[in-house]
Amino acid sequence: MQNIELINLVNKYLADEVIDLTEDCQELTLVINSADILSVADILKNSPFNFNMLMDICGVDYLHYGLSDWETDSATSIGFARGIERLSKKNLKLIQKDKRYGCIYHLQSLKYNTRIRIKTFLPEQQPVIDSVTEIWNAANWYEREAFDLYGILFNNHPDLRRILTDYGFVHHPFRKDFPLSGYLEMRYDGATSKVIYEPVDIDEREIIPKIFRDDTRYINTSEEVNNE
Amino acid sequence: MNKKINQTINFGPQHPAAHGVLRIVMELDGEVVVKTDPHIGLLHRATEKLAETKIYNQNIGYMDRLDYVSMMCNEHGYVLAIEKLLNVKIPIRAQYIRVMFDEITRILNHLLWLGATAIDIGAMTVFLYCFREREELFDCYEAASGARMHANYYRAGGVVRDLPNEMPKYKYNKWQSKKMIDSLNKNRQGSLLDFIWDFTERFPQKVDEYETLLTDNRIWKIRNVNIGVIEPDRAIALGFTGPMLRGSGVAWDLRRKQPYAIYKKLNFKIPVGTNGDCYDRYLVRVEEMRQSNIIIRQCVEWLKKNSGPVMVDNSKIVPPKKDKLKSNMEALIHHFKLFSEGYTLPVGEVYAAVEAPKGEFGIYLVSDGSNKPYRLKIRAPGFAHLAGFDEMVRGHMLADAVSILASQDIVLGEIDR
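To start, this report covers the structure provided alongside it. (Residues numbered from 1 in each chain as written. Chains lettered and ligands numbered in written order. Predicted model: local features only at pLDDT ≥ 70, side-chain atom pairs only at ≥ 80, totals over all residues. Heavy atoms only, no water.)

Notes on the nonpolar core
Residues B:Met100, B:Phe101, B:Tyr153, B:Leu163 and B:Leu365 are the most contacted members of the largest nonpolar core, which totals 88 residues. With 14 residues, the single largest contributor to this core is helix α4 (residues 92-121) of chain B. Excluding its chain neighbours within four sequence positions, the residues that come into contact with B:Phe101 are B:Met72, B:Cys140, B:Tyr141, B:Ala144, B:Tyr153, B:Tyr154, B:Leu163 and B:Leu192. Core analysis: the second largest hydrophobic core is formed by 86 residues, A:Val10, B:Phe240, B:Ala353 and B:Val402 among them. (Core = buried A, V, L, I, M, F, W, Y, C linked by side-chain atoms within 4.5 Å. Buried < 20%, exposed > 50% of the residue type's maximum accessible area, 1.4 Å probe, protein only. Helix = DSSP H or I, 4+ residues; strand = E, 2+ residues; numbered from the N terminus. Contact = heavy atoms within 4.5 Å.)

Encoded structure:
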């Protein structure tokens, strides 16, 4: 099945749910409301789509999306500085609070050899979405992972525990406001003969700042990117 | 009166059959497994978070360390994602080199799997045999990339350098006789391609050797046949890929179904099992080694006949040639820019998948247009397999849990990430 047929099918069967449907790099992305996930998943799993395999569920935190550590365009009048400004509160306003988190599903159909991506956005305050474990059993661990790393909560998940982080860990480490080095470090303390936790004593530093360039204009053939 | 209570035991995290640092909390009724709960994350290094703070090329090295027995396949998945988003076509020679090393990697992975599984089940010899062949393949890695395991050889736009014309040789020393050194160097007189060719000539007989030891071995069959049977529809529902899916009789291989690089042009067969038990998965993997051997031979033949660039000629993503740096100002600027801040990708998101030895290795890359990935999600095949472990193992004996775990080809590096 070609993507074009898939687009037609989506328009026919999911016209009410779909907010946005894009094709980029020969990949289809379906943006839906998080409340519709179960009904959309149910339709996509069954005929005529037959997306019988869930490849992946992935959380994304859009808090710092499109923010650079180092302004490359506007700094010319005062000269470039290598110093990095920490992302300030002012900048963070750019992010829509109701769309901070993304929960992204990758589906594959073994029957038609097609793939599709479902994208939902979740608010900062209560990132809750229905679990799809009943529809695709593979979702179980992927949802646990998204919960562990991003704090996305899945309704009716059979066993929503942490999966990758340590026993007794409190934060959701892949959120963009969680520092790379974490808050606590662990070491063996000879004096007390115990493993102890202490606050991290290393300062975070950026070796290569995150920057934006228009360099891709030389290699990209897509019109869309050039216009941005 | 005695009341029967189920026993709960810890399998791992330091158990040799747990294939790394895996802890499984098992509930046993006598010797029958009632329930298992794998506790993963003991090897969690937050690769995906680290990747968000590194420029694109710096992350290639992390890919090697995910599934640390199929290094180059992981790199392939990652660079494919970048290339897909950049919309770059890479030179045909680079694609052949990649496919050749992907298949070498597949053999490497399956050899380790075979050896480790055999040793889990109690067959010591196979392990030693498998490592003998692995050494030669590591020599190929070393000759091409300089590293025996974590090769860091692929780049967005091709591979970092062309294959060497000379194989490194053993030096004469006072501990080994001259005759021995000469025999070790016998197949290293030509280029790397000659060495690989020589390996592929001998390898099918080596696979025969393993099969002589195992395939009809009574103990091997008792331990594997009808153990851990997974029906095709369950395998699909649980997201199994690779030999785990093919062992259940689903002929699904991304190299054939969604071909990348030059797999379209190559002749090879996709082995499938019938029963979906541990024994079928073993047979599938052994046959895959033979098929990989055939693919490698096709690649070597092509590479010997054709030369050409192995990197795209685009200084915006690939550093300029060293000799140009001293004479060409623009080359120097490009070099400086690439190494001080890397290249930026267009805004967008992309999912690229390769058929890694363990199954579908996918990279989901979100770019916000900067020089670092905004989000890099690694879809590791083993993650789904281990998630299905509980369902596969219920009702089996404790000793069978070891066979089933081994047949899943677990590597915690990719599961914990």
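Observations concerning the side chain of B:Glu103
Residues and elements named next belong to chain B. The topology assignment puts Glu103 in helix α4. In terms of polar contacts, Glu103 uses its side chain to reach the side chain of Arg106, at 3.0 Å. At 2.5 Å, the side chain of Glu103 forms a polar contact with the side chain of Tyr263. When sequence neighbours within four positions are dropped, the list of residues in contact with Glu103 reads Arg255, Tyr263, Ser292, Ile295 and Ile296. (Polar contact = N/O pair within 3.5 Å; in protein donor to acceptor, adjacent residues only side chain to side chain.)

A look at unusual backbone geometry
With a phi angle near 60°, A:Asn50 is a residue other than glycine that sits in the positive phi range. The exposure class assigned to A:Asn50 is buried, which follows from its relative accessible area of 17%. For B:Asn152, which is not glycine, the phi dihedral falls at a positive 55°. Assignment of secondary structure puts B:Asn152 in the loop between α5 (124-145) and β4 (154-155).

Overview of the sheet that holds strand β2 (residues 27-32) of chain A
Residue and element names in this part refer to chain A. Spatially, the 5 strands line up as an open sheet ordered β1-β2-β5-β4-β3, and their pairing is mixed. Each having just a single partner strand, β1 (18-24) and β3 (53-61) make up the two edges of the open sheet. When strand polarity is set aside, the average angle formed by the axes of neighbouring strands in this sheet is 20°. Summarising the sheet, strand β4 (residues 101-109) and strand β5 (residues 114-122) pair through 9 bridges and their orientation is antiparallel. Residue pairing for β5: His106 is matched across the bridge by Arg117. Lying on the sheet, helix α4 (residues 139-150) is in contact with β3 and β4; it crosses β3 at an angle near 5°. (Pairing = 2+ DSSP bridges. Axes fitted to C-alpha atoms, helices over the stretch in contact; angles between N-to-C directions.)

Focus on the environment of A:Leu44
Residues and elements named next belong to chain A. Within the secondary structure layout, Leu44 lies in helix α2 (residues 37-45). Since its relative accessible area comes to 0%, Leu44 is described here as buried. Separated by 53 residues in sequence, Leu44 and Lys97 have C-alpha atoms that sit 29 Å apart. Not counting chain neighbours up to four residues away, the residues in contact with Leu44 comprise Leu14, Leu30, Phe49, Asn50, Phe51, Leu107 and Ile118.

A short note on the interface of chain A and chain B
Listed per partner, the contact involves 66 residues of chain A and 68 residues of chain B. For the pair chain A and chain B, the two sides together bury roughly 5,600 Å², of which 55% comes from carbon and sulfur. Applying the counting rule to chain A against chain B returns 10 salt bridges. In this structure, B:Glu52 engages A:Lys176 in a salt bridge whose closest nitrogen and oxygen atoms are separated by 3.0 Å. Where chain A touches chain B, the interface holds 34 residue pairs in polar contact (both at pLDDT 80 or more). (Buried area = accessible area lost by both parts, 1.4 Å probe. Salt bridge = Lys/Arg side-chain N within 4 Å of Asp/Glu carboxyl O.)

Focus: the state of the cysteines
Residues and elements named next belong to chain A. Going through the model one piece at a time under the given rule, you end up with 0 disulfides over all chains. Here Cys25 is not cross-linked by a disulfide; its sulfur's nearest cysteine counterpart is in Cys58, at 16 Å. Cys25 gets classed as buried once you look at its relative accessible area, which sits at 16%. Here Cys58 stays free of any disulfide, with the sulfur of Cys103 as its closest cysteine sulfur at 8.1 Å. Looking at Cys58, the relative accessible area reads 0%, which means it is buried. (Disulfide = S-S within 2.5 Å.)

Side note on the pattern of salt bridges
On inspection of all chains with the given rule, the structure shows 50 salt bridges over all chains. Between A:Asp56 and B:Lys377 there is a salt bridge, with its nearest N and O atoms 3.1 Å apart. Remark: B:Lys377 occurs in strand β8 (residues 375-379) and A:Asp56 occurs in strand β3; the pair is interchain, linking two chains. Here A:Asp56 falls in the buried class, since its relative accessible area comes to 0%. A salt bridge links A:Arg100 to A:Asp177, with the shortest nitrogen-to-oxygen separation between them at 3.3 Å. Highlighted residues: A:Arg100 in the loop between α3 (89-92) and β4 and A:Asp177 in the loop between β7 (153-155) and β8 (184-189), separated in sequence by 77 residues.

Focus: the sheet that holds β8(B)
All names here are of chain B. Taken in spatial order, the 3 strands of this open sheet run β6-β7-β8, and their pairing is antiparallel. Of all strands in the sheet, those with a lone pairing partner are β6 (348-356) and β8, marking the two edges. Pairs of neighbouring strands in the sheet enclose a mean axial angle of 10°, with direction left out of account. Where strand β7 (residues 359-367) lies against β8, 5 bridges are found, and the strand directions are antiparallel. For Gly362, the partnering residue across the bridge sits in β8 and is Arg379. Running over the sheet, helix α3 (residues 71-86) touches β6, β7 and β8 and is turned about 150° from β6.

Notes on helix α14 (residues 329-340) of chain B
Residues and elements named next belong to chain B. For α14, which comprises 12 residues, the first-to-last C-alpha distance of 16 Å matches the rise-based estimate of 16 Å (1.5 Å per residue) to within 8%. Every buried residue of α14 is accounted for by Ala331, His334, Leu338 and Ser340. Buried-residue contacts for α14 involve α13 (322-325). With a side-chain oxygen lying 2.9 Å from the backbone nitrogen of Glu330, the N-terminal cap of α14 falls on Asn328. Following α14 by one or two positions, Gly342 adopts a phi angle in the positive range, close to 75°. (Expected span 1.5 Å × (residues − 1).)

By themselves, these observations are geometric and do not establish any function.
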